[in-house]
Structures are given as C-alpha cells and as structure tokens.
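The lines below spell out each chain.
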Amino acid sequence: MYKFLSEVFYILGENKKKLPLLMLFLLLGSMLDLVGLGLIGPFIGLVINPEIILGNNKKIFDILGLPNEHKPLLVIFGVGLFVTFLLKSLTVLFINYKIIRFCQDQCYYLRSLMMKTLQSISYKDHINRNTSEYIHVIQTLSGHFSKGVVMSLLRIASESIVGISILIILVWASGPILSVLVIILGIIVFGYDKIFKKKIKKYGSEINKSSIFTVGATQEGMDGFKEIRILSKENYFHKRVREGAKKQALFETKNDMLKIAPKYILEFLMVSFFVFLILGFILLEKDLNIILPTIGIFGVVALRLIPSANNFSNSLSMLRVYHDSVNRLFKDLNSFKKISKENLTIK
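Residues numbered from 1 in each chain as written. Predicted model: local features only at pLDDT ≥ 70, side-chain atom pairs only at ≥ 80, totals over all residues. Heavy atoms only, no water.

Participant: Mind showing me how you'd approach the side chain of His 144 here?
Facilitator: As for its placement among the helices and strands, His 144 is situated in helix 7 (residues 131-174). One polar contact links His 144 to Ser 325, side chain to side chain, over a distance of 2.9 Å. Setting aside residues up to four positions removed in sequence, His 144 forms contacts with Val 149, Asn 208, Tyr 322 and Ser 325. (Helix = DSSP H or I, 4+ residues; strand = E, 2+ residues; numbered from the N terminus. Polar contact = N/O pair within 3.5 Å; in protein donor to acceptor, adjacent residues only side chain to side chain. Contact = heavy atoms within 4.5 Å.)

Participant: I'm lost on the confidence of the model for the chain in this one. Help?
Facilitator: The predicted coordinates should not be examined in detail at positions where pLDDT is low. Model confidence for the chain is summarised by a mean pLDDT of 76, while 78% of its residues fall at 70 or above. Confidence, read as mean pLDDT per element, is least for helix 13 (residues 341-344) in the chain (46) and greatest for helix 1 (residues 2-12) (82). Every residue in residues 339-347 is under pLDDT 50, and counting partners more than four places away or in other chains gives 14 contacts. (pLDDT = per-residue confidence, 0-100.)

Participant: What am I meant to see in the packing of helix 1 against helix 12 (residues 323-335) here?
Facilitator: Between two packed helices, what matters for the description is the angle formed by their axes and the separation of those axes. Interaxial distance between helix 1 and helix 12 falls to 10 Å at its minimum, and their mutual angle equals 55 degrees. The angle between helix 1 and helix 12 falls in the class oblique. Crossing geometry of helix 1 relative to helix 12 is assigned as left-handed. Of helix 12, the residues touching helix 1 (which contributes Phe 4, Glu 7, Val 8, Tyr 10 and Ile 11) are His 323, Val 326, Asn 327, Leu 329, Phe 330, Leu 333 and Asn 334. In terms of residue class, the contact of helix 1 with helix 12 is built from 8 nonpolar, 3 polar and 1 charged. (Axes fitted to C-alpha atoms, helices over the stretch in contact; angles between N-to-C directions. Parallel < 35°, antiparallel > 145°, perpendicular 65-115°, else oblique. Left-handed = near helix turned anticlockwise from the far one by under 90°. Nonpolar A, V, L, I, M, F, W, Y, C, P; charged D, E, K, R; others polar.)

Participant: So what exactly am I meant to see when it comes to the side chain of Glu 7 here?
Facilitator: Relative to the helices and strands, Glu 7 is located in helix 1. Although Glu 7 lies buried, it forms no salt bridge, and the closest oppositely charged side chain, Lys 3, sits 4.4 Å away as judged by the N-O distance. Here Glu 7 is in contact with Val 326, Asn 327 and Phe 330, once residues within four sequence places are set aside. (Buried < 20%, exposed > 50% of the residue type's maximum accessible area, 1.4 Å probe, protein only. Lys, Arg positive; Asp, Glu negative; His and termini not counted. Salt bridge = Lys/Arg side-chain N within 4 Å of Asp/Glu carboxyl O.)

Participant: I tried to follow empty space enclosed by the protein on my own but got confused; where do I start?
Facilitator: Over the atoms a probe the size of a water molecule is rolled, and this reveals where empty space is left. In this structure the tally under the stated criterion is 1 cavity of 30 Å³ or more. The computed volume of the largest cavity comes to approximately 40 Å³. Considering the residues around the largest cavity, the lining is formed by Ile 188, Val 189, Tyr 192, Pro 262, Ile 265, Leu 266 and Ser 313. When residues of the lining of the largest cavity are traced back to their parent elements, those giving at least two are helix 8 (176-223) and helix 10 (234-283). Class assignment for the residues of the lining of the largest cavity results in 6 nonpolar, 1 polar and no charged. (1 Å grid on protein atoms, 1.4 Å probe; cavity = no way out; pocket = protein on both sides within 12 Å on 5 of 7 lines; lining within 4 Å. Points joined across faces, edges and corners; volume = space filled by probe spheres on them.)

Participant: What should I look at first to understand the pattern of salt bridges in this one?
Facilitator: Where charged atoms of side chains with opposite charge meet at close range, the side chains can pair. All told, the structure shown has 5 salt bridges when counted by the stated rule. The salt bridge partner of Glu 14 is Lys 17, with a shortest N-O separation of 2.8 Å. The exposure classification of Glu 14 matches that of Lys 17, with both residues exposed. One salt bridge connects Arg 320 with Asp 193, and the closest N-O pair in it is separated by 2.7 Å. In this pair, Arg 320 sits in helix 11 (residues 288-321) while Asp 193 sits in helix 8, placing the two residues 127 residues apart along the sequence.

This is the structure:
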C-alpha cells in the first residue's frame, strides 16, 4: 500500500498541496454529523420519556444554561436539529463539489501533461509502442486515476472521519451496545477487501489489457479502411473488436458484482442486529421505553452508516481495480523523467 500511495502522490504532482484543505472541509462535515447525531437521542427521549431525560441530565442543562423544563427544551433541541442538519446538508454539498472539481481538474491536468510528454519523446521511442496504448493512457487511464483512485482516496478519508465520529456518539449515547455494531461492520468491510483484493486487482489488469486490445483493433480497422474493403477482411477486424469487447465486458461484470455485494451484506447485518437487539430486551423482560432513544439513534445511524460503510468498501475495491492503471501511469511518467521541466509545463 505504501508503494501504491507513493505512486499516487508522484502522479498528483503539485496538486497534492491542495489535499490538506480538502481534508479540513471533510473534518468540518464530520463535526456537523457528530453534533446532529448527538442531538437526536435527547430529542427523542424528550418526546417519549421526558422525565428520564430531565432527571438524568439536570446538571448538564444547568451548566449549559438550558431550561430544565420539557417544552422549552424540546423546542431548543428541535431547532438545534433543524439548523444543524441544514448546515450539514449545505456543507456536504459544498464539500462534494470541491472533491469533484479537484478530481476533474486532476483529470484535465494529467491528460494535458501526458499529451505534452508524449509529444516530447523521440520518434524511436514513439514507434516502440502501439498508438492505441497512447490513446488508452491519455483517455482511459487518466480518467481511472482522477475519477477512480483520487476520488476513492478522498471518499475513504471522508467515510473514515464520519465512522470515527459516529463511534464516538454511540459510545457516549449507548455505551458498548451499538459500538459493537460499528466494530463488526469494520471487520466485515476490511475482511471482504482482504478476501477479494487479489481478484479485484486481476480484474483491473485484464480490463486494461482488453481495452487496449479493443482500441487497437478498432484503430487498425479504420486506418486501413480502403485496403480492408478491397480485400474483404472486415470480418477479421470485427472479430478482433468483438473478442476484446467481450473479454472486457466479462471482467467488468465480475468487478461490478464484487462492488455491489457489500451493500446487501451490510443491510442484512444491520437489520439482523436491530431485530436481535429488540428480541433480547423482550426476552430479558426489560422496559422497551428505556431503549427507545437508543433505537432512534440506531435508525438515524443506520441511514448514515450503511451508505458510509458501502462507500468505504466500494472505494477500497476501486483502489484495487485501478491499481494496474496507477502502475501504468507511474511507469509512463517516470520513464520520461529525463525530459526537461520546461517541456512538461502546461501552458
């Protein structure tokens, strides 16, 4: 992983200096998540069982200067929830815009850089590779890196911060009960990645190979159009394109299946945990009113945590499948490192 990240930062170039600011935005969004989730439990408790909330938190309310009365507190927490989630929604939209813009700018920069670099190589170096490889590097691999790798790394950072924030809230609100759920989710996400990472890397490599093959066959079929028509060899090039496209579709399908599977595994786990939690309290003859605020937090956390865990898992898979793309880009850029800096500058 260290080698992979070093290659990513090498390809990013000067743009990696923008990452700390993006991380700051992600931290701000997570702090708003933390505040919002922290207000949900007391709000539900005030609606369902206000006596417990008012009795257990009297000192806290006095320290914060809040009234120790039911209706005024309900209004304060309600307004607080409304404002917090409004700010969070606006902040998350802004953060996603900055992330997408950063990735798209990286794609533009990388394609321009690669074109400028390839135009600077000698004719001898140029003829050593098929033109389809150059097209694949500029058009496909640059997109894989910016929209796949960079986006996935930022998503992993974002979801990690959110996950830690949620864990803090769960520990504070319900002790070990729901915290165990987060730990189990983490084990499943990382365990899934551990089991399938080699296959995903293989699929990524095969997708790139079949894509290059298809582009090459298409280009050859079009460049020699006149000769191919005269010799009636259309079927030969059609067969080659079909062969490459079929192989690519096969590995894309396998990769996509591995990406969507975690969502349903996580949903099953979340529902199972919720059901067994309720059944456990019923069998132990506990008062369900005691855990209703916890169940309320659980519902909101589930809405936030399942997409987060799924995004985290998908991002890990994206890093695996585009590992080959990063390696190819790194080798291409590194092989031209002797070219002067002036030739690489994008004007």
